[in-house]
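Remarks on the overall topology
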Amino acid sequence: MAGCASGDNTLDAVDPEAVAANPTYNQVFAIIQNRCVLCHESDDEDGGDGDYLRVTTGAEDVPGLETCASIVALREDILERVEDNTMPPGALPRLNSEEKLIIRRWIENGAPAPCNP
Amino acid sequence: MQPLKRVLLLLVLISAAAFVHHRVALAVPQYSAQAGRTCDNCHIMPDWDMPKLAHRKRNMSCQACHVDPAGGGMRTTAGRYYGRSTLPMIATSPRPQDDWDHNFPGIGRRDKATPYETYMPIGPRNLEQAAAYTDSINDKWAWGTHRKLIPTAPFPGRYFGLNPDPKLRFGGDFRAAALFAGSTNVFPMQLDVSTVVHPVHHVTALMVVGARGQSSGYSDTFDDSHTPYFRDLFAMSSEWPYQSYVKAGRFMPNFGLRLDDHTNRTRREFELDNSIPESRVLGVEAGAVAAFPFVHASYFKMKSKFEEPDPWDIFDVDDGWGASLNLGWRSFAWSFGASSMVRRRPLDQGGDTDTFGIYGSFNPWYFSTGIPVSLQGEIDFGSAQRASGLDADKIAMYGEIDYAAWNGVNLLFAYDWADPDRDVIDDESGRAQVGAQITVYPGVTIDSRVRYLHVTTPDGNDADLFVQLHVWF
């Protein structure tokens, strides 16, 4: 199938206006909510038994990716994992080019967020 | 592809299909192929009398087994009968016709009790006899009978104890899944309750209320403000000659192969994910499924690509419009179809899309009981506006081969691949699946698949195991 694929440049180069120049935290949160929080959430009434994955940074547990603080703290790790397609795991669909570019630009703009004014 | 080229290609393909000589019969995918083989499942007259051309169903029409002419979900009486007598490992209804006796070792079947050389040992052989079977109906999920028996409608006794043509029926479709991808995640996938009202011949209303599952847990499924919702809600006039129909209400546009696997890229890349409310539109669809050409055309209005439509207000669709055309030729042995779809919305509501696809199937099972195999595939081309207004060209393709190892056991290999933006480097990916669909008992199917995703970054290649418990009635 590789022969069917095409394109020589990243989305950023092909169409710089494909996503906003200054993505908002809400845009990033919507992506995280759709793609990551299904597994990377804090324990709730469902996860009290530890069935669900939790985000970890080294030895220290942090709240799940449904919180602003976690998203901001882990932003570089998030970007690395979605850009090298190691997350989401298994055969789950990976993020598309627009979603990856939104996260990248948000970080490059200083990751503005309610918890990171 | 330019619009003119698409139209020309479509005309060439249709013309070619119209002149190809073929043997009788229809259909795919695998279950359609099997249902088509079991003649008693669809024939509307006993004694295998050939119905008039206008009423033949030997075309693998989705309507043969499903209420919705587009396929999927709530089943007709013929579909229910197939699900009880032929599909499962352990059948609960006798099947009075030989098809392909390949029972799983140690599993008994009711149809063993019926000698094949004397087919149709049960049920009426004509309309006059059918009247006497009215009292034999024992159906927990259907009520009401039509007083007048007509040759083109199912009649009492034809489907064992099932109500052949009820005025009211309920159905359900419940799915739970387990995903093993480094960790185990168990979650509800789908919770649908369907209601069919069929007050008079030719008039049907279908309502499907569904709750979308959340892989984060059961409480999230019900806490989600968007669930449950009307998955489908339409009124339909059907059962006309050549299985023609018209329906109006909320549904999903008719395009390509309506696959049960909603994650397939031939569906998801083109806003046709059957599991989410965003794929639903409000419109009118008309079609006909003759022996053997078929056509489905729809015009619809829709919500913004970025918003879910109101779960209950089906008229919450003021952000754009679209149209789809799906036509081709479908017999028991092979099928070929072509689809096109346009969507028109303001750029900030998702922009315009143009999609064109071809698909087909081949059913060796039709030629020999020793080859219980069916194949199907689809390739779609499309363009969708990016936020900049420039078009992103897409390609998605899909192929599947099924092998009916035993009654109730279907082994499959499937592969889908997509390049969501042909101008962008390294965004394509492919996914292979090897699995088994085991229908142990009527209404209980276990679908297990090992899935392998390959992407352009080697570290991102990964596999998982997906197991689905599907309970339906």
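Cut-offs applied
- Residues numbered from 1 in each chain as written.
- Chains lettered and ligands numbered in written order.
- Predicted model: local features only at pLDDT ≥ 70, side-chain atom pairs only at ≥ 80, totals over all residues.
- Heavy atoms only, no water.
- Helix = DSSP H or I, 4+ residues; strand = E, 2+ residues; numbered from the N terminus.
- Buried < 20%, exposed > 50% of the residue type's maximum accessible area, 1.4 Å probe, protein only.
- Areas by Shrake-Rupley, 256 points an atom, 1.4 Å probe, with all protein chains shown as cover.
- Axes fitted to C-alpha atoms, helices over the stretch in contact; angles between N-to-C directions.
- Parallel < 35°, antiparallel > 145°, perpendicular 65-115°, else oblique.
- Left-handed = near helix turned anticlockwise from the far one by under 90°.
- Contact = heavy atoms within 4.5 Å.
- Disulfide = S-S within 2.5 Å.
- Phe/Tyr/Trp six-rings, centres within 6.5 Å; stacked < 30°, edge-to-face > 60°.
- Lys NZ or Arg CZ within 6 Å of the ring centre and 35° of its normal.
- pLDDT = per-residue confidence, 0-100.
- Nonpolar A, V, L, I, M, F, W, Y, C, P; charged D, E, K, R; others polar.
- Pairing = 2+ DSSP bridges.
- Salt bridge = Lys/Arg side-chain N within 4 Å of Asp/Glu carboxyl O.

Quick word on the overall build of chain B
Each helix and strand in chain B was counted, giving 6 helices and 17 strands. For chain B, the residues scored as buried account for 57% of the 473 residues in total. Summed over all atoms, the accessible surface of chain B reaches about 18,900 Å², with 63% contributed by carbon and sulfur.

With respect to the packing of helix H4 (residues 75–83) of chain A against helix H5 (residues 97–108) of chain A
Residue and element names in this part refer to chain A. Relative to each other, H4 and H5 sit at 150 degrees, their axes nearing to 10 Å. In this view, H4 runs roughly antiparallel relative to H5, as classed from their interaxial angle. The hand of the H4/H5 crossing is left-handed. Seen from H4, the contacting residues are Arg75, Glu76, Leu79, Val82 and Glu83; seen from H5, they are Lys100, Ile103, Arg104, Trp106 and Ile107.

Description of the state of the cysteines
A complete count under the given rule lists 1 disulfide over all chains for this structure. The disulfide that involves Cys68 of chain A links it to Cys115 of chain A, with 2.0 Å between the sulfurs. Taking the torsion about the sulfur-sulfur bond, which here is approximately -80 degrees, the covalent link between Cys68 of chain A and Cys115 of chain A counts as left-handed. Here Cys115 of chain A lies in the segment after H5 and Cys68 of chain A lies in helix H3 (residues 68–73), a separation of 47 residues in the sequence. For Cys115 of chain A, a relative accessible area of 38% translates into the label partly exposed. Free of any disulfide, Cys62 of chain B has its nearest neighbouring cysteine sulfur in Cys65 of chain B, separated by 9.1 Å. With relative accessibility at 27%, the residue Cys62 of chain B sits in the partly exposed group.

Side note on the packing of aromatic side chains
All names here are of chain B. This structure, assessed with the given rule, holds 10 aromatic pairs over all chains. Seen from their ring centres, Trp143 and Phe170 are 5.6 Å apart, and the 70 degrees between their planes marks the pair as edge-to-face. Separated by 27 residues along the polypeptide, Trp143 in strand S1 (residues 142–143) and Phe170 in strand S2 (residues 168–180) bring together distant segments of the chain. Consider the rings of Phe230 and Trp312, whose centres lie 4.9 Å apart with planes at 90 degrees: the pair is edge-to-face. Remark: Trp312 occurs in the loop between strand S8 (293–302) and strand S9 (320–330) and Phe230 occurs in strand S5 (residues 229–240); sequence separation between them is 82 residues. In this arrangement the basic side chain of Lys247 is found over the ring face of Phe234, its NZ or CZ atom lying 4.7 Å from the centre. Against the face of Phe294 rests Arg330, its NZ or CZ located 4.2 Å from the ring centre.

Thoughts on the confidence of the model for chain A
All names here are of chain A. With 77% of its residues at a pLDDT of 70 or more, chain A has an overall mean of 80. H5 holds the highest mean pLDDT among the elements of chain A, 96, whereas strand S1 (residues 56–57) holds the lowest, 50. Between residues 44–54, whose pLDDT stays under 50, and residues either more than four places distant or in other chains, the model counts 24 contacts.

As for helix H3 (residues 77–85) of chain B
Counting buried positions along H3 of chain B gives 8 out of 9 residues, so the element sits mostly inside the fold. Taken as a whole, H3 of chain B has its buried residues at Thr77, Ala78, Gly79, Arg80, Tyr81, Tyr82, Gly83 and Ser85 of chain B.

Things to note about the packing of helix H2 (residues 25–35) of chain A against H5 of chain A
The geometry of a pair of packed helices is captured by two quantities: the angle between their axes and the separation between those axes. Residue and element names in this part refer to chain A. Two elements in contact, H2 and H5, have axes whose closest approach is 10 Å; the angle formed by their N-to-C orientations is 135 degrees. Judged by the angle between their axes, H2 and H5 are oblique. The handedness of the crossing between H2 and H5 is left-handed. Along the contact surface, H2 presents Tyr25, Gln27, Val28, Ile31 and Arg35, while H5 presents Glu99, Ile102, Ile103 and Trp106. Considered class by class, the residues forming the contact of H2 with H5 number 6 nonpolar, 1 polar and 2 charged.

Considerations on the pairing of strand S14 (residues 409–419) of chain B
Residue and element names in this part refer to chain B. Within S14, 9 of the 11 residues are buried, leaving the element largely enclosed by the surrounding structure. Judged from the 11 bridges that link them, strand S13 (residues 391–406) and S14 form a sheet pairing that is antiparallel. Its bridge partner being in S14, Asp402 is matched across the sheet by Leu412. The turn linking S13 back onto S14 is made up of 2 residues, and Gly408 within it adopts a positive phi angle of 90 degrees. One ladder, built from 10 bridges, connects S14 with strand S15 (residues 429–441); its direction is antiparallel. Bridge pairing in S15 places Leu411 opposite Ala436.

Concerning the pattern of salt bridges
Residues and elements named next belong to chain A. Taken as a whole and assessed by the stated rule, the structure comprises 29 salt bridges over all chains. With its nearest N and O atoms 3.4 Å apart, the salt bridge here joins Asp77 to Arg81. Of this pair, Asp77 and Arg81 both sit in helix H4, 4 residues apart, which is roughly one turn of the helix. Among the residues examined, Arg81 registers a relative accessible area of 38% and is labelled partly exposed.

Overview of the confidence of the model for chain B
When pLDDT is averaged across chain B, the result is 82; 80% of the residues are at 70 or more. Note that residues 112–121 of chain B has pLDDT below 50 and, in this model, 20 contacts with residues that lie over four places away or in other chains.

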